[in-house]
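A look at the structure
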Amino acid sequence: MKEKSILNSTRRFGIEFEFLDSNIDRKILQKAVISTGQNCHVRNWEHTINNFDSWVAKTDSSCGFELCSPPFNEIKHIPLISSVLDHCLKLKAEFNEMCGYHIHVEVSDFSWEMITKLVMHWIKIEHLIIKSHPDHRTNNPYCKPLNSFLTNLRPNEKYETISSDIFYQKKLALNTSNFENRKTIEFRVGNMASKKEDIEERIKFYLWFIEISKISKSPSNLNWLNPIETIHWLKLSHEYELDSELKSMKIWFLNSLLDNIKNSIELKQIQEMRNL
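This text gives an overview of the structure that appears in the document. Predicted, not measured: the structure shown is a model, and the values here were computed from it. Residue positions are counted from 1 within each chain, in the order its sequence is given. The predicted origin of the model limits local features to residues at a pLDDT of at least 70 and limits the giving and counting of side-chain atom pairs to 80 or more, whereas totals for whole chains, interfaces and linings rest on all residues. Heavy atoms from the whole structure form the basis of all side-chain values; hydrogens and water molecules are not counted.

1. Here we look at helix H1 (residues 26-34)
Threshold: Only protein chains enter the accessibility calculation, which uses a 1.4 Å probe; a residue whose area is less than 20% of its type maximum is buried, one above 50% is exposed, and one in between is partly exposed. Secondary structure elements follow DSSP: runs of H or I of four or more residues count as helices, runs of E of two or more count as strands, with numbering from the N terminus. Our arc is simply the arc of the directions from the helix axis toward the C-beta atoms.
Among all positions in H1, only Arg26, Leu29, Gln30, Ala32 and Val33 are buried. The arc that holds the buried residues of H1, viewed along the axis, is 160 degrees, so those residues lie on one side. More than 90 degrees from the buried face of H1, the exposed residues found are Lys27 and Lys31.

Okay, structure coming up:
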């Protein structure tokens, strides 16, 4: 009998959408949220940590405006997030390639040792996560790959330790700088030109990544995993019985890689995993 893989996370998560201030104001973003049946407040810039039941539309120095969700804690709530973006775009909210979306997830059950383990697992598959995004997100100074921060890191080379500085660098693809004070981590690579499916599946992907990292042993090295090894590590291979959420997430992830990967060996591996 196959082992079951079930996405039943109850972790709190939220999202930030970035928009330009060229043709709208925060009231438009507020209107977009309210049209989905959710609440939204308009504020100047601040650290948004107490918006437990309302979205917040606020100024942002890096792009213009930022729309921050309240925390959610059930998979069924994810469509509430993507519907807000849909309504923002219908009201002509604009963005460019420097704008993105950031996903925050609570990890209050993690210790620093577990965060270190999570970061190490991220480094091993980050090259594929990055490749599931368009090229312009991979070179964005606000979400630099952790591997680019580790200047000596090369594929298939072993390392015993990673610099502690990496845990306090905010503008990385995986930002752990808020773990000490807020017990959250942030995934910063999201592409604002994404379709509704992409946002929904990517939230599920990160929630699942956290759970797999939690139950996995610390890696003995930082060798990069290939697509087949990554799918196996994520417990998404044919040896596992996936629930409907994970089935759709796996197909989405492999299709995203096919859209952006150029390496012929990796493409062949991805095709193999899609056919299993």
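Alright, that's what it looks like, and here's the rest.
2. So, the side chain of Glu66
Definition in use: Any two residues whose heavy atoms approach within 4.5 Å are treated as being in contact.
As for its position among the elements, Glu66 is in strand S5 (residues 64-68). Given the relative accessible area of 5%, Glu66 is considered buried. Among all residues touching Glu66, those that are not within four sequence positions of it are Glu16, Phe17, Glu18, Val56, Ala57, Lys58 and Asp60.

3. Topic: the environment of Asn51
By the element assignment, Asn51 lies in the loop between strand S3 (40-43) and strand S4 (55-60). Residues Asn51 and Cys68, spaced 17 residues apart in sequence, show a C-alpha to C-alpha distance of 8.7 Å. When neighbours within four sequence positions are excluded, Asn51 is seen to be in contact with Val56, Cys68, Ser69, Pro70 and Pro71.

4. Notes on the nonpolar core
This is how it is decided: Buried residues of nine kinds, namely Ala, Val, Leu, Ile, Met, Phe, Trp, Tyr and Cys, make up a nonpolar core once their side-chain atoms join them within 4.5 Å.
Phe17, Phe19, Trp55, Leu67 and Phe187 are the most contacted members of the largest nonpolar core, which totals 79 residues. Top element by residues in this core is helix H3 (residues 112-131). It accounts for 11 residues. Filtering out sequence-adjacent residues up to four positions away, Leu67 remains in contact with Ile15, Glu16, Phe17, Phe19, Leu29, Val33, Cys40, Trp55, Val56, Ala57, Val84 and Cys88.

5. Here's the deal with the environment of Leu80
Tracing the chain through its elements places Leu80 in helix H2 (residues 78-90). As for Leu80 and Asn275, which are separated by 195 residues in sequence, their C-alpha atoms are 32 Å apart. Setting aside residues up to four positions removed in sequence, Leu80 forms contacts with Gln38, Trp55 and Phe72.

6. Here's the deal with the pairing of S5
If a strand is regular, its side chains alternate between the two faces of the sheet. The criterion, for reference: Any two strands with at least two DSSP-identified bridges between them are counted as paired.
With respect to burial, S5 is a largely interior element, five of its five residues being buried. Relative to S5, strand S2 (residues 13-20) runs antiparallel, the two sharing five bridges. Each residue of the ladder has a partner; that of Phe17, found in S5, is Leu67. Inspection of the sheet shows S4 paired to S5 by five bridges, in the antiparallel sense. Following the sheet pairing, Val56 is matched in S5 by Cys68. Linking S4 to S5, which pair antiparallel, is a turn of three residues.

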